[in-house]
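Remarks on the overall topology
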Amino acid sequence: MNQQFLKEIEMGSKSALVKKRIITHYIYNGSSTIPDLSKELDLSVPTVTKFIGEMCEDGYINDYGKLETSGGRHPNLYGLNPESGYFIGVDIKRFAINIGLINFKGDMMELKMNIPYNFENSIEGMNELCRHILNFINKLTINKEKILNINVNLSGRVNPESGYSFSQFNFEERPLADVLSEKLGYKVTVDNDTRAMTYGEYMQGCVKGEKDIIFVNVSWGIGIGIIIDGKVYTGKSGFSGEFGHISAYDNEIICHCGKKGCLETEASGSALHRILLERIKNGESSILSTRISSEEDPITLDEIIASVNKEDLLCIEIVEEIGQKLGKQIAGLINIFNPELVIIGGTVSLTGDYITQPIKTAVRKYSLNLVNKDSAIVTSKLKDKAGIVGACMLARSRMFES
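Keep in mind that this is a model prediction, so the values were computed, not measured.

Criteria and thresholds
Residues numbered from 1 in each chain as written. Predicted model: local features only at pLDDT ≥ 70, side-chain atom pairs only at ≥ 80, totals over all residues. Heavy atoms only, no water. Helix = DSSP H or I, 4+ residues; strand = E, 2+ residues; numbered from the N terminus. Rg over C-alpha atoms; globule rule 2.2 N^0.38 Å. Buried < 20%, exposed > 50% of the residue type's maximum accessible area, 1.4 Å probe, protein only. Contact = heavy atoms within 4.5 Å. Areas by Shrake-Rupley, 256 points an atom, 1.4 Å probe, with all protein chains shown as cover. Lys, Arg positive; Asp, Glu negative; His and termini not counted. Charge placed at Lys NZ, Arg CZ, Asp CG, Glu CD. Polar contact = N/O pair within 3.5 Å; in protein donor to acceptor, adjacent residues only side chain to side chain. Pairing = 2+ DSSP bridges. Axes fitted to C-alpha atoms, helices over the stretch in contact; angles between N-to-C directions. Core = buried A, V, L, I, M, F, W, Y, C linked by side-chain atoms within 4.5 Å. Phe/Tyr/Trp six-rings, centres within 6.5 Å; stacked < 30°, edge-to-face > 60°. Expected span 1.5 Å × (residues − 1). pLDDT = per-residue confidence, 0-100. Patch = residues over 30% accessible without salt bridge, like charges linked within 9 Å, V, L, I, M, F, W, Y side chains within 5 Å. Salt bridge = Lys/Arg side-chain N within 4 Å of Asp/Glu carboxyl O.

**Some thoughts on the overall build of the chain**
The helix and strand tally for the chain stands at 13 helices and 15 strands. Computed over the C-alpha atoms, the radius of gyration of the chain is 23 Å, within 12% of the 21 Å expected from 2.2 N^0.38 for a compact globule of 402 residues. For the chain, the spread of C-alpha atoms along the principal axes amounts to about 75 × 50 × 35 Å. Per-residue burial over the chain gives 51% buried out of 402 residues. If you take every contact in the chain between residues at least 6 apart in sequence, the share linking residues at least 24 apart comes to 62%. For the chain, the exposed area adds up to about 19,100 Å²; of that, 50% sits on carbon and sulfur atoms. The chain carries 44 positive and 51 negative side-chain charges, and their two centres are separated by 4 Å.

Structure, rendered in structure tokens:
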């Protein structure tokens, strides 16, 4: 990638803005001809031809040859040059991290899933994260100078524009993106983990042209990602989608946010974990019953999900109850947003129909009939890869979207 162009982007020159629009078009639409591009960007054919010529010379657009058409002159097809730049995504989980590398076209070149990492919201935890990222980069065989951006997914309140994270690794006055950039030696952006999963699903998952989408991330906590008219909705400061902290219950369970009665306290991975332990202690049986007494090696959410898929009746029963509670609240979202597609993702969605069927039943029961007919409810196609695919895709799009 031409360093001069990257400097122009930072300065916001007029030609760099047009080139950014051309790259963004190719990111979302794949290869296209100059006439198609000029129509889409509302620029004259000579202007687009000039810019495409410059971008081919600089090496980040490729001429893919003549397009076969039924008549007249065959126009040339242009698209992104996969080797002109690379992007890294980092997805932080509770007990592991996933790191991936995509090329300029968005193909996954390298992927390391479930690197052991015990998440700690401390300076040492952040330093360990940086060590894992640098270790991943050191083993890559590509030209390291072509790594243009690293995007890190974090849970909680994250402002992607300013680069601040308010829930995790918030130890300094400056933005976390700047702190990580200094430690890693590359440009870094940060975003909310649920929003990244939503974007990953939108770009490479089960979305087939839908523009109004809600992605429900049911993991240890709960969050939603919102896409309105094909654009990820962040809200004023990047805090949209805090679905898990709707006050839904009159209970005495304190949520990790400090308040009582949040949706998350009764319908989430953490609730599933807590309720299962309580019910086993009260004498109900499960294939995990013998594991409950182990202090050194506590039961993980992944084990509970595996037990559901092994048809453990107690685990299935709790997951179904959580699905019903969740469906009731999702019905409210459908009434408000009228989306074309609702995607159920996150760790708990790996139970498949055990969670989605109760959600669908509750949605039909609690939402307006005419409204819910518009909304298909599906399970995430990318499953546990949604976060890392989204992180990589965001690392690329955040460089070029204005």
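**Re the environment of Asn338**
In this fold, Asn338 is placed in the loop between α10 (313–337) and β14 (341–345). Residues Asn338 and Ile22, 316 residues apart in the sequence, show an inter-C-alpha distance of 32 Å. If near-sequence neighbours (up to four positions away) are discounted, Asn338 is found in contact with Leu333, Val371 and Asp374. Within the local environment of Asn338, its side chain forms a polar contact with the side chain of Asp374, the two groups lying 3.0 Å apart.

**Observations regarding the sheet that holds strand β13 (residues 231–233)**
Adjacent strands of a sheet form backbone hydrogen bonds with each other and so pair up, either parallel or antiparallel. Spatially, the five strands line up as an open sheet ordered β13-β12-β11-β14-β15, and their pairing is mixed. The open sheet has two edge strands, β13 and β15 (376–379), and neither has a second partner. Strand after strand, the sheet turns through a mean of 25 degrees between neighbouring axes, direction not considered. In this structure, β14 lies alongside β15, joined through four bridges in parallel fashion. When the sheet's bridge partners are listed, Ile343 is paired in β15 with Val378. Against the sheet, α10 makes contact with β11 (213–218), β12 (222–228), β14 and β15, and its axis sits at roughly 160 degrees relative to β11, the strand it touches most.

**A few points about the nonpolar core**
One finds Val216, Phe243, Leu272, Leu276, Leu326, Ile330 and Ile344 to be the most contacted residues of the largest nonpolar core, which totals 38 residues. For this core, the secondary structure elements donating two or more residues are β11, β12, α8 (269–281), α9 (301–309), α10, β14 and α11 (353–366). Per-element tally for this core: the top contributor is α10, with 10 residues. Residues contacting Phe243, with those up to four places away along its chain left out, are Val216, Ile222, Gly223, Ile224, Leu263, Leu326, Gln329, Ile330 and Leu333. Formed by 30 residues, the second largest nonpolar core is a distinct cluster that contains Ile92, Ile99, Leu101 and Val188.

**What about the sheet that holds strand β3 (residues 76–80)?**
Taken together, the three strands give an open sheet; going across it, the order is β1-β3-β2, and neighbouring strands pair in antiparallel fashion. With partners counted over all chains shown, the strands left at the sheet margins are β1 (32–33) and β2 (61–66), one partner each. Relative to β3, β2 runs antiparallel, the two sharing four bridges. What sits directly across from Asp63, in β3, is Tyr78.

**A short note on the packing of aromatic side chains**
All chains considered together, the criterion is met by seven aromatic pairs. Taking the centre distance of 5.6 Å and the plane angle of 85 degrees together, the rings of Phe166 and Phe239 count as edge-to-face. Placement of the pair is Phe166 in the loop between β9 (164–165) and α6 (176–184) and Phe239 in the loop between β13 and α8, with a sequence separation of 73 residues. By relative accessible area, Phe166 is classed as partly exposed at 43%. Considering the side-chain rings of Phe169 and Phe171, the 6.3 Å spacing of their centres and the 55 degrees angle between planes classify their relative orientation as tilted. Residue Phe169 is classed as buried on the basis of its relative accessible area, which comes to 3%.

**Let's talk about helix α2 (residues 14–29)**
Because the α-helix completes a turn every 3.6 residues, residues three or four places apart line up on one side. Over its 16 residues, α2 runs 23 Å from end to end, which matches the ideal 22 Å to within 8%, given 1.5 Å per residue. Along α2, the positions that sit buried rather than exposed are Ala16, Val18, Lys19, Lys20, Ile22, Ile23, Thr24, His25, Tyr26 and Ile27. Of the residues flanking the end of α2, it is Gly30, one or two places downstream, whose phi is positive at about 75 degrees.

**Section: the confidence of the model for the chain**
The predicted model of the chain averages 93 in pLDDT, with 98% of residues at 70 or higher. The least confident element of the chain, judged by mean pLDDT, is helix α1 (residues 3–11) at 72; the most confident is β11 at 98.

**Let's talk about the pairing of β11**
For β11, a buried count of six out of six residues is recorded, marking the element as mostly surrounded by other parts of the structure. Alternating residues of β11 divide into Ile213, Phe215 and Asn217 and Ile214, Val216 and Val218, and every residue in both groups is buried. The pairing of β11 with β12 spans six bridges and is antiparallel. Residue Phe215 lies in a different strand from β12, and its bridge partner there is Gly225. Pairing between β11 and β14: five bridges, direction parallel. When the bridges of β14 are listed, Ile213 appears paired with Leu341.

**Comments concerning the environment of Pro298**
Among the structural elements, Pro298 can be located in the loop between α8 and α9. A sequence separation of 87 residues divides Pro298 from Lys385, and the C-alpha atoms of the two residues are 25 Å apart. Apart from residues lying up to four places away in sequence, Pro298 is in contact with Arg291 and Glu303.

**Here's the deal with a nonpolar patch on the surface**
A surface patch of nonpolar side chains, amounting to about 400 Å² of accessible area, comprises Ile228, Tyr233, Ile336 and Phe337. For Phe337, the position within the fold is in helix α10.

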